[in-house]
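Listed below, chain by chain, are the residues.
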Amino acid sequence: MVVVGDTLLDRDVDGSVERLCPDAPVPVLAEGSVTERAGGAGLAATLAAADGHEVALVTALSDDPAGALLAGLLHAAGVEVHALPLAGATVEKTRLRSDGRTLLRLDRGGGDPSGDPGAATLSTLADADAVLVSDYGQGIARHPALRQALSRFGGPVVWDPHPRGPAAVPGVRLVTPNEDELVTLAGAPGPGVRLAVTARAAHALRERWRVAAVAVTLGSDGALLCHAGPAPLVVATPHGAPPGADTCGAGDRFAAAATAALAAGALVSEAVQEAVARATAYVAAGRPSRTSASGTTVADVVGPVRAAGGTVVATGGCFDLLHTGHLATLRAARALGDCLVVCLNSDRSVRERKGPDRPVTPQADRARLLAALDCVDAVAVFDEPTPEAVLSWLRPDIWVKGGDYSESDLPEADLVRRWGGQTVIVPYLPGRSTTATIARLS
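Rules of the game
Residues numbered from 1 in each chain as written. Predicted model: local features only at pLDDT ≥ 70, side-chain atom pairs only at ≥ 80, totals over all residues. Heavy atoms only, no water. Helix = DSSP H or I, 4+ residues; strand = E, 2+ residues; numbered from the N terminus. Buried < 20%, exposed > 50% of the residue type's maximum accessible area, 1.4 Å probe, protein only. Arc of directions from axis to C-beta. Contact = heavy atoms within 4.5 Å. Polar contact = N/O pair within 3.5 Å; in protein donor to acceptor, adjacent residues only side chain to side chain. Salt bridge = Lys/Arg side-chain N within 4 Å of Asp/Glu carboxyl O. Pairing = 2+ DSSP bridges. Axes fitted to C-alpha atoms, helices over the stretch in contact; angles between N-to-C directions. pLDDT = per-residue confidence, 0-100. Parallel < 35°, antiparallel > 145°, perpendicular 65-115°, else oblique. Left-handed = near helix turned anticlockwise from the far one by under 90°. Nonpolar A, V, L, I, M, F, W, Y, C, P; charged D, E, K, R; others polar. Core = buried A, V, L, I, M, F, W, Y, C linked by side-chain atoms within 4.5 Å.

**Student:** Explain unusual backbone geometry here, please?
**Tutor:** In terms of backbone geometry, most residues other than glycine have negative phi values and most peptide bonds are trans. We note that arginine 210 has phi near 55°; this positive angle belongs to a residue other than glycine. Residue placement: arginine 210 occurs in the loop between helix H6 (194–209) and strand E10 (214–217).

This is the structure we're talking about:
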């Protein structure tokens, strides 16, 4: 899959508010944790890579610290980056949050892409199984050379539009606006029942842009698909989003899932059904690397501990077949501080480390089992080969490993020292291991 679009640096500053500023009636946020991740088209590419797809991202990045950080995050997520120069600063969006609610968003940066894509980029685009255009209004979707390449592309193209962006190139297989974007792009369609009004606007956009189909995302109500058929298709969500759920990124999850389904040969209607299911699960579970299996965010656990001056402990691993050796390590780790966050290797990360037959237990079940233990306060799933990215935003006071290690065997020990943290080893029960258990069963 190739994703073409504008990449942003998303930053969440989570903390707690206990007082107002003395010189103005505004809340004072005590910082608990900082999360940095690829946003915009970068998020769509990261989500697709996490699903196990080969993903290339065609974007524009500035030669500044935010651009370098984005390139590193995308590389760690397994995304092949084709970056045009950006004439301006990399776009950063920082959200200040307390108790899961956004207090303020600070935006900085912006500029137009400059230069032309090279032969390697255009070849990658031409050879794709499917293309997702993730337009965030920063200019990549307007680039003449890229639009020309997209108009010649023979496979399925999904276009996730932006109100400030251009029209899709003619012949696109699927356009995926939300309701607000649809009104801006197609104009107010007049009074009437919600679905009828939405369908009229979607058909107007489909005909104006000369695309095959428009799928309008309806939040917790699913999506409405309008194509050349006599009646639109309504795809309801398996279950609505929980109250107060963070829907940021759900549109990227929807568009990436629809693109992957079309690449695999699905009909547009089948692709939209898959996309609704994926987006619903994404919102219900919370964003990657920030939510425990019980639905409690890592920030909900870590923030109050830090605000009270407590000690945050973290440990990590695959935890494929949970056994007493794991339990001994987890209990020993929890005893060292005031909360324990388990950094859990995703299924893809386990496969890369252990081989194609692992894990035996999928990551959702592994996370749920760990979260059910009384010694575990939260679980953060990470997709990279090492836990360094998740450690960088979690910044634990103590990083614990169980087994026969020396500190020199742990490359993350140097990282933990940067913020004054300490890496420790706890004893591992002899004779207990997932590999040995699997060997006895085979």
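**Student:** Looking at this structure, I do not really get helix H5 (residues 179–186). What am I missing?
**Tutor:** In an α-helix, one turn spans 3.6 residues; hence positions three or four apart end up facing the same way. Looking at H5, one finds that the buried residues are Glu181, Leu182, Leu185 and Ala186. The buried residues of H5 all sit within an arc of 110° when viewed along its axis, so they share a single face. Turned more than 90 degrees from where H5 packs its buried face, Asp180 and Thr184 sit exposed. At its buried positions, H5 is contacted by H6 and E10. For H5, the N-terminal capping position is held by asparagine 178, with its side-chain oxygen 3.1 Å away from the main-chain nitrogen of aspartate 180. Immediately beyond the C-terminal end of H5, within one or two residues, lies glycine 187, with a positive phi of roughly 90°.

**Student:** Where do I start with the pattern of salt bridges in this structure?
**Tutor:** Oppositely charged side chains may form a pair once their charged atoms are brought near each other. By the definition in use, this model includes 19 salt bridges. Note that glutamate 36 and arginine 11 form a salt bridge whose closest N and O atoms lie 2.8 Å from each other. Of this pair, glutamate 36 sits in strand E3 (residues 27–40) while arginine 11 sits in strand E2 (residues 7–20); the two residues are 25 residues apart in sequence, bridging distant segments of the chain. Residue classification places arginine 11 among the buried residues on the basis of a relative accessible area of 14%.

**Student:** Please explain the sheet that holds strand E14 (residues 339–345) as it appears in this structure.
**Tutor:** Picture the strands of a sheet paired through backbone hydrogen bonds; they go either parallel or antiparallel. Read from one edge of the open sheet, five strands run E15-E14-E13-E16-E17, paired in parallel fashion. Strands at the two margins of the open sheet, each flanked by one partner only, are strand E15 (378–382) and strand E17 (422–426). Neighbour-to-neighbour, the strand axes of this sheet turn through a mean angle of 25°, independent of strand direction. Both E14 and E15 contribute to a ladder of five bridges, which runs parallel. Bridge assignment links asparagine 345 to a residue of E15, and that residue is phenylalanine 382. The strands touched by helix H10 (residues 324–334) are strand E13 (312–317), E14, strand E16 (398–402) and E17; relative to E14, the strand with the most contacts, the crossing angle is about 140°.

**Student:** Help me out: how do you make sense of the confidence of the model for the chain in this one?
**Tutor:** Of all residues in the chain, 89% attain a pLDDT of 70 or more, and the chain-wide mean is 85. Under a pLDDT of 50 for its full length, residues 287–295 has, in the predicted model, 33 contacts with residues more than four places off or in other chains.

**Student:** I tried to follow the side chain of threonine 259 on my own but got confused; where do I start?
**Tutor:** Of note, threonine 259 is situated in helix H7 (residues 250–263). What makes threonine 259 buried here is its relative accessible area of 1%. Here the side chain of threonine 259 touches alanine 255 through a polar contact of 2.7 Å, landing on its backbone oxygen. Setting aside its immediate chain neighbours within four residues, threonine 259 contacts Met1, Ala130, Val131, Leu132 and Val158.

**Student:** I'm lost on the environment of proline 156 in this one. Help?
**Tutor:** Positionally, proline 156 belongs in the loop between helix H4 (144–152) and strand E8 (157–160). Sequence-distant contacts of proline 156, defined by excluding residues within four places in its chain, comprise Asp129, Ala130, Val131, Arg173, Leu262 and Ala263.

**Student:** What exactly am I supposed to notice about the packing of H5 against H6 here?
**Tutor:** Pairs of packed helices are described in terms of their axes, by the angle between the two and the distance that separates them. Their axes nearest at 10 Å, the elements H5 and H6 cross at an angle of 50°. Classified by the angle their axes make, H5 and H6 are oblique. Seen along the crossing, H5 lies across H6 with a hand that is left-handed. Packed against H5, whose contacting residues are Glu179, Leu182, Leu185 and Ala186, the element H6 presents Arg194, Thr198, Ala201, Ala202, Leu205, Arg208 and Trp209 at the interface. Tallied by class, residues from the contact of H5 with H6 come to seven nonpolar, one polar and three charged.

**Student:** Can you walk me through the environment of glycine 40 in this structure?
**Tutor:** Examined against the element boundaries, glycine 40 turns out to sit in strand E3. A relative accessible area of 3% means that glycine 40 is categorised as buried. As a C-alpha pair, glycine 40 and tyrosine 136 span 96 residues in sequence and 6.4 Å in three-dimensional space. Discounting chain neighbours no more than four positions away, the residues touching glycine 40 are Asp6, Leu8, Ser134, Tyr136 and Asp252.

**Student:** I would appreciate a short explanation of the nonpolar core in the present structure.
**Tutor:** Nonpolar side chains in soluble globular proteins tend to be buried together. Residues Val3, Val79, Leu174, Phe254 and Val272 are the most contacted members of the largest nonpolar core, which totals 39 residues. Of all the elements, H7 adds the most residues to this core, at eight residues. In contact with valine 79, other than residues within four places in its own chain, are Ala45, Thr46, Ala49, Val55, Leu57 and Leu74. Membership of the second largest hydrophobic core comes to 37 residues, among which are Ala60, Val169, Ala201 and Leu218.

**Student:** What exactly am I supposed to notice about the packing of helix H1 (residues 41–50) against H7 here?
**Tutor:** Taken N-terminus to C-terminus, the directions of H1 and H7 make an angle of 50°; their axes are 9 Å apart at the nearest point. As the angle between them shows, H1 and H7 are arranged oblique. At the point where H1 passes H7, the crossing takes the right-handed sense. Touching Leu43, Ala44 and Leu47 of H1 are Asp252, Arg253 and Ala256, all from H7.

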